[in-house]
Amino acid sequence: MREEKPRKGVVQISEVANGLIDPVLAKRAGINTMLLGSWDEIAGADFADCTRPEKIAWPRRASEIGAEGGYQPGVLTIACEGARALFLTHAQGELIQRINAFFGFHAIGQLRIVQKPVAVPPRRRGPPRPLTGEPARRLESMIDGIESETLKAALTRLGTAVLSSRRK
């Protein structure tokens, strides 16, 4: 066997992170970071925003269960939001083909669809505090020459958000 020598120079952080995360993901969920990172292209525009691969359940080896035969494809569990799961069920044949094309072999034979939220909803911030003092005067002088009231109101909101002090 050839021993790999450490590379000199710059190493991408993604290589280091993938080297650390992939063994954990493979052991816990049977998934690698390449599948997670490429999911948007695999799932396509129709399902990229509402689905996420959760885990791959690989069947036990035939020699361990005493059955005849060779390789058995796995079952990919996919989290899907709400009613889109019905559409995903109808398109699962195409999605299985895309996943297998990604892996380069017949890795997935079946999908298991679980309805649950995929993305964490973004935390809504309240409106910024009104400006006082010098920042308020600076903003007023910047938008002073604008005639359109709607544009002026929009720029005031934007300027207030930008110039207000950040919450810690």
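Predicted model, so just to flag it, every value in this text is computed and none were measured. Numbering of residues starts from 1 in every chain and runs along the sequence as written. Where totals are concerned, whole chains, interfaces and linings use all residues; where local detail is concerned, this predicted model gives features only for residues with pLDDT of at least 70, and gives and counts side-chain atom pairs only at 80 or more. Only hydrogens and water are removed before side-chain values are computed, so all heavy atoms of the structure are retained for them.

J.: What is the right way to read the sheet that holds strand β3 (residues 108-115) from this model?
T.: The strands making up a sheet are joined through hydrogen bonds of the backbone, oriented either antiparallel or parallel. For two strands to be treated as a pair, DSSP must find at least two bridges joining them. Put simply, DSSP H or I for four residues or longer makes a helix, DSSP E for two residues or longer makes a strand, and each gets a number counted from the N terminus. Sheet architecture is open: three strands sit in the order β1-β2-β3, paired in mixed fashion. Edge positions in the sheet fall to β1 (51-57) and β3, since each of these pairs with one other strand and no more. Strand-to-strand twist in this sheet, taken as the mean axis angle between neighbours without regard to direction, amounts to 25°. Both strand β2 (residues 74-80) and β3 contribute to a ladder of seven bridges, which runs parallel. Opposite I78, over in β3, you have I113 as the bridge partner. By the convention used here, residues are in contact when the closest approach between their heavy atoms is within 4.5 Å. Orientation is described by lines fitted to C-alpha atoms, with helices fitted over the stretch in contact, and by angles between N-to-C directions that extend from 0 to 180 degrees. Relative to β1, helix α3 (residues 39-47) is tilted by about 130°, and along the sheet it contacts β1 and β2. The strands that helix α6 (residues 92-103) touches are β1, β2 and β3; relative to β3, the one it contacts most, it runs at about 120°.

J.: For this particular structure, what's the right way to read the packing of aromatic side chains?
T.: The relation between two aromatic rings is expressed through the spacing of the ring centres and the mutual angle of the planes. A pair of Phe, Tyr and Trp rings is counted when the ring centres sit within 6.5 Å of each other, with Trp represented by its six-membered ring. The angle between the planes then sorts it: under 30 degrees is stacked, over 60 is edge-to-face, the rest tilted. Evaluated as defined, the whole model comprises two aromatic pairs. Note on F102 and F103: the rings are 5.5 Å apart at their centroids and 70° apart in plane angle, and the pair reads as edge-to-face. When its relative accessible area of 22% is taken as the criterion, F103 is described as partly exposed. Ring plane angle 55° and centroid distance 6.2 Å describe the contact between F103 and F105, whose orientation is recorded as tilted. Burial classes: relative accessible area under 20% of the type maximum marks a residue as buried, over 50% as exposed, and values in between as partly exposed (1.4 Å probe, protein chains only). Its relative accessible area of 41% is what places F105 among the partly exposed residues. An aromatic cluster is defined as three or more aromatic residues linked by ring pairs; in this entry it consists of F102, F103 and F105.

J.: I would appreciate a short explanation of the nonpolar core in the present structure.
T.: Within soluble globular proteins, side chains that are nonpolar generally end up buried alongside one another. Think of a nonpolar core as a cluster: buried Ala, Val, Leu, Ile, Met, Phe, Trp, Tyr and Cys residues, connected wherever their side-chain atoms sit within 4.5 Å. With 18 residues, the main nonpolar core has W39, L76, I78, L95, I99, I108 and L111 as its most contacted residues. Contributions of two or more residues to this core are made by α3, β2, α5 (84-90), α6 and β3.

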